[in-house]
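Each chain is listed here by its residues.
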Amino acid sequence: MSERKPAGRPVRVALLGCGTVGTEVVRLLHEQADDLTARVGAPVELVGVAVRRPNKHREVPAELLTTDAAGLIDSDVDVVVEVIGGIEPARTLLLAALRAGKSVVTANKALLAEHGGELFEAADASGADLYFEAAVAGAIPLLRPLRESLAGDRITRVMGIVNGTTNFILSAMDGTGASYAETLEEATQLGYAEADPTADVDGFDAAAKAAILASLAFHTRVTAADVHREGIASVTAADVAAARELGRAVKLLAICEREVDETGGEAVSVRVHPAMIPRSHPLAGVNGAFNAVFVEAEAAGQLMFYGQGAGGAPTASAVLGDLVAVARNRVVGGRGPRESAYADLSVRPMGQTPTRYHVSLDVADRSGVLAQVAAVFAEHDVSIAVVRQQGRGEDASLVVVTHSAQDSALQSTVDKIAGLPVVREVVSVMRVEGEES
Ligand SMILES: NC(=O)C1=CN([C@@H]2O[C@H](COP(=O)(O)OP(=O)(O)OC[C@H]3O[C@@H](n4cnc5c(N)ncnc54)[C@H](O)[C@@H]3O)[C@@H](O)[C@H]2O)C=CC1
Ligand SMILES: N[C@@H](CC=O)C(=O)O
Ligand code: NA
């Protein structure tokens, strides 16, 4: 058996925040101390944990606890791990760490999606590392493959389920019929939801992740404000039932696409919205807090990443992976990848993005109604792929699935149809993904 090499000077780590993820980071650092030393080539020493209320953290040795996060960063530490969340004070603290040449590991997608550029610039100026695998899809190794393994390929599309809380809720609505409120409460108890769960439900969390994914995939700075965002608050039991009837499931998807416009110029589209996907699609079988992301690249073809996207221990696994990487860089010299935003592509507005709609209507059951509805689609140059009509006494249910068209044309079509006197109710309108157009 080969002997382990003697370990060098300890890598000194400051942890900021000790909630769902931070608690698990402390546990893993303690439990895996010997293995981490062997893997890094030096002991990884937790020298301080910044918290808000020290008396609430019995799991951390009292001498490590401090309420002075800035002071901890200023002390003799090599790496700062941030699991506080939110924009401030995380932004100010991490900028201070990076400017002082301390490597940073963070799980904070909200911060990266809004101020990633500023953080990368501070890292470049001092030569420090900035790693953030936990920020997207929790435990799933996804950002490192995009930043490193696929750096020689040309990514064309990234599509996936990147929010565990909403997937947990939609899975329950589809499966057990549990109420929205009950399910959200359970997701919060299990540590999946953000401190303010509206960040999950309204799609802000997924939009931040989509911005990070698009930035890495397309070598372009994409911020949360660039992402078209719709959450799941408007998804009704009727939508889920309509999907089910057509052999589809409703999922909140993050979709990042490289697009070529009429002049041959390239742009990207980045969006988060609920969509119906066929039950045969691999994403339809992703349930609970699990995440899954498809990546399509010109040479690699299709890749799929699947696993636990939320929860304390899975997220801490990704944090520890990054910690080992930056600690190794400290021990052997050198640094990880810098920001790559050279392509500088523009982000296409949602209205100009090609999408497909599923529209379910209650209409009067008499001759000529279908023709009237079809005429509105034709007027907006929207081609129909599937029509299904079923009589129910005086009324009929009419379902239309379109071919691909500009989102703005689809939206105008639905607005006009809603105003037709023969249309009693627009029961469900949802985009369709995951099948040929
Ligand atoms: N929980 C999860 O499943 C995942 C969380 N993340 C991200 O990880 C980060 C942490 O998330 P959680 O642990 O779930 O949040 P949490 O709310 O459970 O923990 C955050 C902790 O930071 C503390 N804190 C707030 N301000 C502080 C300050 N100024 N100084 C020191 N401590 C402060 C809070 O008291 C709390 O204990 C967030 O950025 C979140 O988006 C990422 C992936 C998954
Ligand atoms: N709140 C997030 C946590 C992980 O990023 C989620 O539900 O996915
Ligand atoms: Na990840």
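Residues numbered from 1 in each chain as written. Chains lettered and ligands numbered in written order. Predicted model: local features only at pLDDT ≥ 70, side-chain atom pairs only at ≥ 80, totals over all residues. Heavy atoms only, no water.

### With respect to the confidence of the model for the protein
The predicted structure's coordinates, where accompanied by low pLDDT, should not be read in detail.
Then, number 1: Model confidence for the protein is summarised by a mean pLDDT of 94, while 98% of its residues fall at 70 or above.
Then, number 2: The complex prediction reports pTM at 0.96, with the ipTM value standing at 0.99. (pLDDT = per-residue confidence, 0-100.)

### Some points on the coordination of the sodium ion (ligand 3)
Then, number 1: Looking at the metal site, the sodium ion (ligand 3) is ligated by Glu-133 (O), Glu-133 (OE), Val-136 (O), Gly-138 (O) and Ile-140 (O), spaced 2.4 to 2.7 Å from it.
Then, number 2: Of note, the donors binding the sodium ion (ligand 3) are all from one chain and are spaced E-x2-V-x1-G-x1-I.
Then, number 3: Of the residues examined, Ile-140 reaches a relative accessible area of 3% and is grouped as buried. (Donors = N, O, S within 2.8 Å, 3.2 Å for Na, K, Ca; no water. Buried < 20%, exposed > 50% of the residue type's maximum accessible area, 1.4 Å probe, protein only.)

### Considering the UniProt feature "binding site: L-homoserine" (unreviewed entry) in the protein
Then, number 1: Under the present numbering, the feature "binding site: L-homoserine" (unreviewed entry) in UniProt falls on Glu-194.
Then, number 2: The topology assignment puts Glu-194 in the loop between α8 (180-189) and α9 (198-201).
Then, number 3: In this structure Glu-194 touches Lys-109, Ala-199, Asp-200 and Asp-205, once residues within four positions along its chain are discounted.
Then, number 4: One polar contact links Glu-194 to Lys-109, side chain to side chain, over a distance of 3.1 Å. (UniProt positions renumbered as here; feature names shortened; annotations may be inferred. Helix = DSSP H or I, 4+ residues; strand = E, 2+ residues; numbered from the N terminus. Contact = heavy atoms within 4.5 Å. Polar contact = N/O pair within 3.5 Å; in protein donor to acceptor, adjacent residues only side chain to side chain.)

### Quick notes on empty space enclosed by the protein
Then, number 1: Summed over the entire model, instances satisfying the criterion amount to two cavities of 30 Å³ or more.
Then, number 2: What lines the largest cavity is simply Tyr-131, Phe-132, Glu-133, Leu-143, Arg-144, Arg-147 and Asp-322.
Then, number 3: Of all the elements, helix α6 (residues 143-149) adds the most residues to the lining of the largest cavity, at three residues.
Then, number 4: Here the residues of the lining of the largest cavity sort into three nonpolar, no polar and four charged.
Then, number 5: Summarising the domain contributions, the lining of the largest cavity has at least three residues from each of domain 1 (11-138 + 312-332) and domain 2 (143-307).
Then, number 6: Approximately 40 Å³ is the volume attributed to the second largest cavity.
Then, number 7: Taken together, Ile-161, Val-162, Asn-163, Thr-166, Asn-167, Leu-170, Ala-206 and Leu-252 make up the full set of residues lining the second largest cavity.
Then, number 8: Top element by residues in the lining of the second largest cavity is helix α7 (residues 164-175). It accounts for three residues.
Then, number 9: Residues of the lining of the second largest cavity, tallied by class, amount to five nonpolar, three polar and no charged. (1 Å grid on protein atoms, 1.4 Å probe; cavity = no way out; pocket = protein on both sides within 12 Å on 5 of 7 lines; lining within 4 Å. Points joined across faces, edges and corners; volume = space filled by probe spheres on them. Nonpolar A, V, L, I, M, F, W, Y, C, P; charged D, E, K, R; others polar. Domains from an automatic or database assignment.)

### Topic: the UniProt feature "binding site: NADP(+)" (unreviewed entry) in the protein
Then, number 1: Mapped onto the present numbering, the UniProt feature "binding site: NADP(+)" (unreviewed entry) falls at Leu-16, Gly-17, Cys-18, Gly-19, Thr-20, Val-21, Gly-22 and Thr-23.
Then, number 2: Among the secondary structure elements, Val-21 is positioned in helix α1 (residues 20-31).
Then, number 3: Excluding residues that lie within four positions of it along the chain, Val-21 makes contacts with Val-83, Gly-312, Thr-315, Ala-316 and Val-319.
Then, number 4: Looking at the element boundaries, Thr-23 is found in helix α1.
Then, number 5: According to the relative accessible area criterion, Thr-23 is partly exposed, its value standing at 24%.
Then, number 6: Within the local environment of Thr-23, its side chain forms a polar contact with the backbone oxygen of Gly-19, the two atoms lying 2.5 Å apart.

### Structural notes on the site of ligand 1
Then, number 1: Close contacts around ligand 1 come from 22 residues, with Thr-20, Val-21, Lys-109, Glu-194 and Gly-311 the closest.
Then, number 2: Measuring from an oxygen atom of ligand 1, one finds a backbone N or O atom of Val-21 at 2.9 Å.
Then, number 3: Note that an oxygen atom of ligand 1 is positioned 3.2 Å from one of the side-chain N or O atoms of Lys-109.
Then, number 4: A class-by-class count of the residues in the shell around ligand 1 yields 11 nonpolar, eight polar and three charged.
Then, number 5: Composition of the shell around ligand 1 by domain shows at least three residues from each of domain 1 (11-138 + 312-332) and domain 2 (143-307). (Near = heavy atom within 4 Å.)

### Description of the side chain of Asp-407
Then, number 1: For Asp-407, the position within the fold is in helix α14 (residues 407-418).
Then, number 2: Here the side chain of Asp-407 touches Thr-355 through a polar contact of 2.8 Å, side chain to side chain.

### Things to note about helix α11 (residues 237-245)
Then, number 1: Within α11 the residues assigned to the buried category are Asp-239, Val-240, Ala-242 and Ala-243. Considered in projection along α11, the buried side chains sweep an arc of 160° and stay on one side of the axis. Residues of α11 that are exposed and angled more than 90 degrees away from the buried face: Ala-237 and Glu-245.
Then, number 2: Those residues of α11 that are buried lie in contact with α7, β9 (248-260), β10 (266-278), β15 (357-364) and β19 (423-432).
Then, number 3: Note on α11: the residue one or two positions beyond its end, Gly-247, has a positive phi of about 70°. (Arc of directions from axis to C-beta.)

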